[in-house]
Amino acid sequence: MGIHRGRRLRRTAGIRAMVAETQLSAAQLVAPLFVIEGSSTRTPIESMPGHYRLTPDLAAREAADLAALGVGAVILFGIPNDKDSQGTGAWDEQGPVPRAIRQIKTAAPNLVVWADVCLCEYTDHGHCGVIGHHGVDNDATLPLLGRAAVCYARAGADVIAPSDMMDGRVAEIRAALDEAGYPDRTIVSYAVKYASAFYGPFREAAGSTPKSGDRRGYQMDAPNVREAIREAKADVREGADVVMVKPGMPYLDVVRAVREAVDVPVAVYQVSGEYAMLHAAADRGWIDLRAAMWETSIALRRAGASILITYFARELATRLSGQPLQDVVKV
Ligand code: PBG
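Now for a look at the structure at hand. Treat the numbers as computed from the prediction; the structure is a model and nothing was measured. (Residues numbered from 1 in each chain as written. Predicted model: local features only at pLDDT ≥ 70, side-chain atom pairs only at ≥ 80, totals over all residues. Heavy atoms only, no water.)

### Topic: unusual backbone geometry
Alright, step 1. The residue after lysine 246, namely proline 247, is reached through a cis peptide bond having omega -10 degrees.
Alright, step 2. Note that proline 247 resides in the loop between strand E10 (242–246) and helix H8 (252–261).
Alright, step 3. Here the phi dihedral of serine 40 falls at roughly 55 degrees; this positive angle occurs in a residue that is not glycine.
Alright, step 4. Relative to the elements of secondary structure, serine 40 occurs in the loop between strand E1 (29–36) and strand E2 (42–44).
Alright, step 5. Judged by its relative accessible area of 57%, serine 40 falls in the exposed class.
Alright, step 6. Although it is not a glycine, methionine 165 adopts a positive phi angle of roughly 70 degrees. (Helix = DSSP H or I, 4+ residues; strand = E, 2+ residues; numbered from the N terminus. Buried < 20%, exposed > 50% of the residue type's maximum accessible area, 1.4 Å probe, protein only.)

### A closer look at the layout of surface pockets
Left-over empty space is what a probe sized like a water molecule reveals as it rolls over the atoms.
Alright, step 1. Taken as a whole, the second largest pocket spans an internal volume of roughly 300 Å³.
Alright, step 2. If you go around the second largest pocket, the residues you meet are Arg16, Ala17, Ala20, Glu21, Thr22, Gln23, Leu24, Trp294, Ile298, Arg302 and Arg319.
Alright, step 3. The set of elements that each furnish at least two residues to the lining of the second largest pocket consists of helix H1 (13–19) and helix H10 (289–303).
Alright, step 4. Among the elements that take part in the lining of the second largest pocket, H10 stands out by supplying 3 residues, more than any other.
Alright, step 5. Residues that form the lining of the second largest pocket fall into these classes: 5 nonpolar, 2 polar and 4 charged. (1 Å grid on protein atoms, 1.4 Å probe; cavity = no way out; pocket = protein on both sides within 12 Å on 5 of 7 lines; lining within 4 Å. Points joined across faces, edges and corners; volume = space filled by probe spheres on them. Nonpolar A, V, L, I, M, F, W, Y, C, P; charged D, E, K, R; others polar.)

### Some points on the pairing of strand E8 (residues 159–162)
Alright, step 1. Residues Val159 and Ala161 of E8 are buried on one face, and the alternating residues Ile160 and Pro162, pointing to the opposite face, are buried as well.
Alright, step 2. Taken together, the 4 bridges between strand E5 (residues 112–117) and E8 define a ladder with parallel strand orientation. By the bridge assignment for E8, alanine 115 is matched with isoleucine 160.
Alright, step 3. Alignment of E8 against strand E9 (residues 186–193), held across 2 bridges, turns out to be parallel. Paired with isoleucine 160 across the bridge in E9 is isoleucine 187. (Pairing = 2+ DSSP bridges.)

### Considering empty space enclosed by the protein
Alright, step 1. The tally for this structure, following the rule as stated, stands at 1 cavity of 30 Å³ or more.
Alright, step 2. Along the wall of the largest cavity there are 19 residues; nearest its centre are Cys120, Lys193, Tyr199, Phe202 and Lys246.
Alright, step 3. Taken together, the elements giving at least two residues each to the lining of the largest cavity come down to E9 and helix H6 (200–206).
Alright, step 4. Classifying every residue of the lining of the largest cavity gives 10 nonpolar, 3 polar and 6 charged.

Structure follows, in structure tokens:
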């Protein structure tokens, strides 16, 4: 009989591929895009190499490229010129996100378009809801989120993805969509979103850092995992079609726990700080970026996520399509 020879299943690339327990496919990738007002303009996001703030026309071009590579979806974040206390830009039909949705639907009709719903990019104070006497006012924020969701659905968004972490927003958004004639639109809830240090580059990109205080009063606390299950189940009860865990790498146990607790698909968001961190280490020659990209992505899938929201979507899809990365990716 002899010893256990595990190496027999690792000897060649072909054998390793044959026994791989986890697969990654481009159709399950969601690429985040930051959309600004105007046209024919892009500005680089310093802390996120390869990513830009794009005007709607350029976002549509990028989306068409991603679709050609097989990437399943894009998720849009708006960066308006003007902000106010109520975040009214979030439901402006002529805002960057509705414009981008319409143009993407023309340029890449089969690409799934997600719209992030939150007020933080649109409020002058940078919080995810309106401010009341006792901080961020949960219930006063809900109808505003409903309005934003309907605005994006009207523009053509397939998926509404609320990231604000107000209680009851999934039920509110579901009701608003149904009432406006969009019972067919999917809700992907950021059900399990932790207050995290890893959102730094995103907030720089979107100019959405809170002017005072922090988000700990509404986003989740890192020590908790049972609470994640409660959040996920509550959102499913309210009508979420998919639940998301965010960030990714520091919360793999949470992805696994949520996967086992609910039977809707689970999405995970490998956030801006995770992307920036991998790039920064690679820039110094300390890690191999492409190997780390692959390993972290497969780890998120292995933990139980079906859908990956990742700033590496383009690179991953390029690799999956068998093209040499250097030709397509400007790292
Ligand atoms: C908006 C929102 C944030 C992210 C996604 N939607 C920022 C935040 O909550 O501060 C973070 C995404 C990332 O870091 O890549 N609420």
